[in-house]
Amino acid sequence: MINAFVAYFHFLGIMLLLAALVGEHLLLSGELDAGRGRQLVITDVIYIVAVALVLVSGLLRLIYFGKGLAFYTSNPLFHVKMTLFVVAAVLSVYPTVQIRGLRPAVRSGQAPGLGAGMIRRLKLLVRVELMLIATIPLLAVLMGRGFGF
């Protein structure tokens, strides 16, 4: 039974992660006033929680509740999947640092001071993250169906 709950939390984390990234993308599209800045900071916190949920539940599935460590590590699609996750995580550092830097302005009720160039860069990184993260479940489904061996 716990296997089902760990799998559920893994899937829930993936959905939450994608929703947070879409939210960040939408919030970065338009005028970044104080209200949007606050929403962006909150959305980034949700993103971090979702990444932690995916990571912890994924490790639990890998080691204890999945098809076994040997099944996953012997499949090259698993390694591609993990590489995409790590690349997305590394790419997320820059936007997270920039968004966390908005906290003082947001706390004081001021509009965050991000220039148009910075907003374009952040949106591009979020789009790339979305593309990478959206590809990972496809690889998982292919692995589960026996591809990659």
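As shown above, the structure is provided for reference.
Here the structure is a predicted model, which means the values were calculated and not measured.

Inspection of the secondary structure puts E24 in helix α1 (residues 2-27). No salt bridge is formed by the buried E24. Its closest oppositely charged neighbour is R100, at 9.9 Å. Beyond its immediate sequence surroundings of up to four residues, E24 is in contact with L40, T43, D44, Y47, I99 and V126.

Okay, the nonpolar core next. In terms of nonpolar packing, the biggest core is built from 34 residues, with L17, L21, L40, L114 and I133 touching the most fellow members. Contributing elements (two or more residues each) for this core: α1, α2 (34-65), α4 (76-100) and α6 (116-144). Among the elements that line this core, the one with the most residues is α6, at ten residues. Setting aside its immediate chain neighbours within four residues, I133 contacts L17, L18, L21, F85 and A88.

Direction vectors running N to C along α1 and α6 enclose 160 degrees, while the axes themselves pass 9 Å from each other. Considering the angle they form, α1 stands roughly antiparallel to α6. Regarding α1 and α6, the two cross each other, and that crossing is left-handed. Counted together, I14, L17, L18, L21, V22, E24 and H25 of α1 and K123, V126, R127, E129, L130, I133, A134 and P137 of α6 form the full contact between these two elements. Considered class by class, the residues forming the contact of α1 with α6 number ten nonpolar, one polar and four charged.

To continue, consider the packing of aromatic side chains. One pass over the full model with this rule turns up four aromatic pairs. When the ring of Y8 is compared with that of F9, the centres are 5.4 Å apart and the planes differ by 65 degrees; the resulting orientation is edge-to-face. Take Y8: its relative accessible area is 46%, and that puts it in the partly exposed class. The exposure class of F9 is partly exposed, given its relative accessible area of 37%. Arranged with centres 5.9 Å apart and planes meeting at 45 degrees, the rings of Y72 and F78 form a pair that is tilted. Residue classification places F78 among the buried positions, given a relative accessible area of 9%. Members of the aromatic cluster, connected to one another through ring pairs, are F71, Y72 and F78.

This part covers α6. With 29 residues, α6 should reach 42 Å at 1.5 Å per residue; the first-to-last C-alpha distance of 43 Å fits that figure. Phi turns positive one or two residues past the end of α6, at G146, with a value near 95 degrees.

On to the side chain of K81. Topologically, K81 is positioned in helix α4. Although K81 is buried, it forms no salt bridge, and the closest oppositely charged side chain is E129 at an N-O distance of 17 Å. Beyond its immediate sequence surroundings of up to four residues, K81 is in contact with I136, L139, A140 and M143.

Taking 1.5 Å of rise per residue, 25 residues should cover 36 Å, and α4 covers 36 Å from first to last C-alpha, within 8% of that figure. Residue V93 marks the point of greatest curvature in α4, where the axis turns by about 30 degrees; the proline P95 follows within four residues. Summarising the contacts, the buried residues of α4 are in contact with α1, α2, α3 (69-73), α5 (103-107) and α6.

What follows concerns the packing of α1 against α2. Where α1 contacts α2, the axes come no closer than 7 Å and their chain directions differ by 155 degrees. It follows from the interaxial angle that α1 and α2 lie roughly antiparallel. Here α1 runs over α2; the crossing is left-handed. For the contact of α1 with α2, the per-class residue count stands at 21 nonpolar, eight polar and four charged.

About the cut-offs
- Residues numbered from 1 in each chain as written.
- Predicted model: local features only at pLDDT ≥ 70, side-chain atom pairs only at ≥ 80, totals over all residues.
- Heavy atoms only, no water.
- Helix = DSSP H or I, 4+ residues; strand = E, 2+ residues; numbered from the N terminus.
- Buried < 20%, exposed > 50% of the residue type's maximum accessible area, 1.4 Å probe, protein only.
- Lys, Arg positive; Asp, Glu negative; His and termini not counted.
- Salt bridge = Lys/Arg side-chain N within 4 Å of Asp/Glu carboxyl O.
- Contact = heavy atoms within 4.5 Å.
- Core = buried A, V, L, I, M, F, W, Y, C linked by side-chain atoms within 4.5 Å.
- Axes fitted to C-alpha atoms, helices over the stretch in contact; angles between N-to-C directions.
- Parallel < 35°, antiparallel > 145°, perpendicular 65-115°, else oblique.
- Left-handed = near helix turned anticlockwise from the far one by under 90°.
- Nonpolar A, V, L, I, M, F, W, Y, C, P; charged D, E, K, R; others polar.
- Phe/Tyr/Trp six-rings, centres within 6.5 Å; stacked < 30°, edge-to-face > 60°.
- Expected span 1.5 Å × (residues − 1).
- Bend = angle between axes of the 7 residues up to and from the residue.

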